[in-house]
Amino acid sequence: DNALSSVDVRATVIDQDAFLCRADIECEPAGDMNFDVNTMVSTPAGDVVIERGWVAARAWVKGREFQLFNTHLEVNSNPVLSTVQYVQSLELVGFLNSRKTNGSPQIVLGDFNSDETTGFPECAELDFCQSSYQVMRNAGFIDTWTLRGGKPVPGDTCCQDADLRNTESSLYERIDQVWVRAAPGRRGSVVLRGVQARVVGDQAADLSVPDGLWPSDHAGVTTRMWISRAK
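Residues numbered from 1 in each chain as written. Predicted model: local features only at pLDDT ≥ 70, side-chain atom pairs only at ≥ 80, totals over all residues. Heavy atoms only, no water.

Colleague: It is not clear to me how the pairing of strand β4 (residues 53-61) should be interpreted in this structure. Could you clarify?
Modeller: Residues in a regular strand project their side chains so that they alternate between the two faces of the sheet. In this sheet, β4 lies alongside strand β1 (residues 26-34) in antiparallel orientation, the contact comprising 8 bridges. Pairing of Asn-34 across the sheet is with Gly-53, part of β4. Examined bridge by bridge, β4 and strand β5 (residues 64-72) share 8 bridges and lie antiparallel to one another. Bridge pairing in β5 links Arg-58 to Gln-67. Linkage of β4 to β5, two consecutive antiparallel strands, is achieved through a turn of 2 residues, within which Lys-62 is found at a positive phi near 50 degrees. (Pairing = 2+ DSSP bridges. Helix = DSSP H or I, 4+ residues; strand = E, 2+ residues; numbered from the N terminus.)

Colleague: I tried to follow the pairing of β5 on my own but got confused; where do I start?
Modeller: The buried count for β5 comes to 9 of 9 residues, which makes it a mostly enclosed element. Judged by which residues are buried, β5 turns out to be covered on both faces: Arg-64, Phe-66, Leu-68, Asn-70 and His-72 on one side and Glu-65, Gln-67, Phe-69 and Thr-71 on the other are all buried. Summarising the sheet, β5 and strand β6 (residues 106-111) pair through 6 bridges and their orientation is parallel. Within β6, the residue paired with Gln-67 across the bridge is Gln-106. (Buried < 20%, exposed > 50% of the residue type's maximum accessible area, 1.4 Å probe, protein only.)

Colleague: How do you make sense of helix α1 (residues 79-98) when you look at a structure like this?
Modeller: Structural remark: α-helix, 3.6 residues per turn; residues separated by three or four positions point the same way. Helix length check: α1, at 20 residues, gives a terminal C-alpha distance of 29 Å against a target of 28 Å (1.5 Å per residue), a fit within 8%. Where α1 begins, the side chain of Asn-78 points an oxygen toward the backbone nitrogen of Val-80, at a separation of 3.0 Å. (Expected span 1.5 Å × (residues − 1). Polar contact = N/O pair within 3.5 Å; in protein donor to acceptor, adjacent residues only side chain to side chain.)

Colleague: What is the right way to look at the sheet that holds β1 in this model?
Modeller: Where strands meet in a sheet, backbone hydrogen bonds hold them as pairs that are either parallel or antiparallel. Ordered in space as β1-β4-β5-β6-β8-β7, the 6 strands form an open sheet in which the pairing is mixed. Here the strands that pair on one side only, and so sit at the sheet edges, are β1 and β7 (142-143). The pairing of β7 with strand β8 (residues 176-181) spans 2 bridges and is antiparallel. Note on β8: the bridge partner recorded for Asp-143 is Trp-179. Packing against the sheet, α1 makes contact with β1, β4, β5, β6 and β8, and its axis sits at approximately 170 degrees to β5. (Contact = heavy atoms within 4.5 Å. Axes fitted to C-alpha atoms, helices over the stretch in contact; angles between N-to-C directions.)

Honestly, that's just the spatial picture; any functional story needs more than this.
Shown next, in the form of C-alpha cells:
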C-alpha cells in the first residue's frame, strides 16, 4: 500500500535565519538556537521535524550597542500549529527577557506568521493561547510599522504562489515585522522617532527577467528609525 516502502527515501527540511552585517558596522554573533518545540509532519517516508529557531547578534552604531534577533516562527493554520507557534513565541520572549538587563535596545526581525488581528487563536490541548504578535506586544515590544510616517498602507508581505509564477501580486497579510524594545527614554517611555518603513519586492517591476518570477514568496520590509536613549 505504500509506494515508498521499497524505496530509499531521504528528506531534509532546512529553515535558516541569518544576519548580513554592513562592512562599516561593528558586529559580532551573540547566539543561535532551535526551539524546544517544533512541528512533526508524518509522511509516507517517515516523520519529518520542521525545526525553527533564532539567531542573535550585537552591533555598535556610534558607540551605542544594539541587540539584534532574527526568527521564523511556526504557522498558525490549524489548532496544533497555533499551539506550536504560541510555545515558540513564549520561548523566544523568555530568552529576550534574559538579555535585556544592560538596557541596550532589542530589535527583533522575522517572519512571525501572525498579524495584529484581534481575538485569540484556537490552540490544541490549551484553554488559552495567543498569537506570536500578541505575545511580542504583551512583552513590551513595539511593532514599528504601526508608527511609520506617510500615507497609511496595509504593508502586506505574504504570500506569492509557491512557484513564484503568479502574474499579479497575491500578498494579503502582514506577518513579517520589525519589533523594538528599549529602556525608558528621558520622559519615562520608549520613544521611536521618525520611523520610516516600506515593503519591498512586491511590485511588477521586481519580477525577474526573463523568467518573470517574484524575488520570494514573501515581500521584504525595510525600516529606519531613531531610538531614544535611556535615562
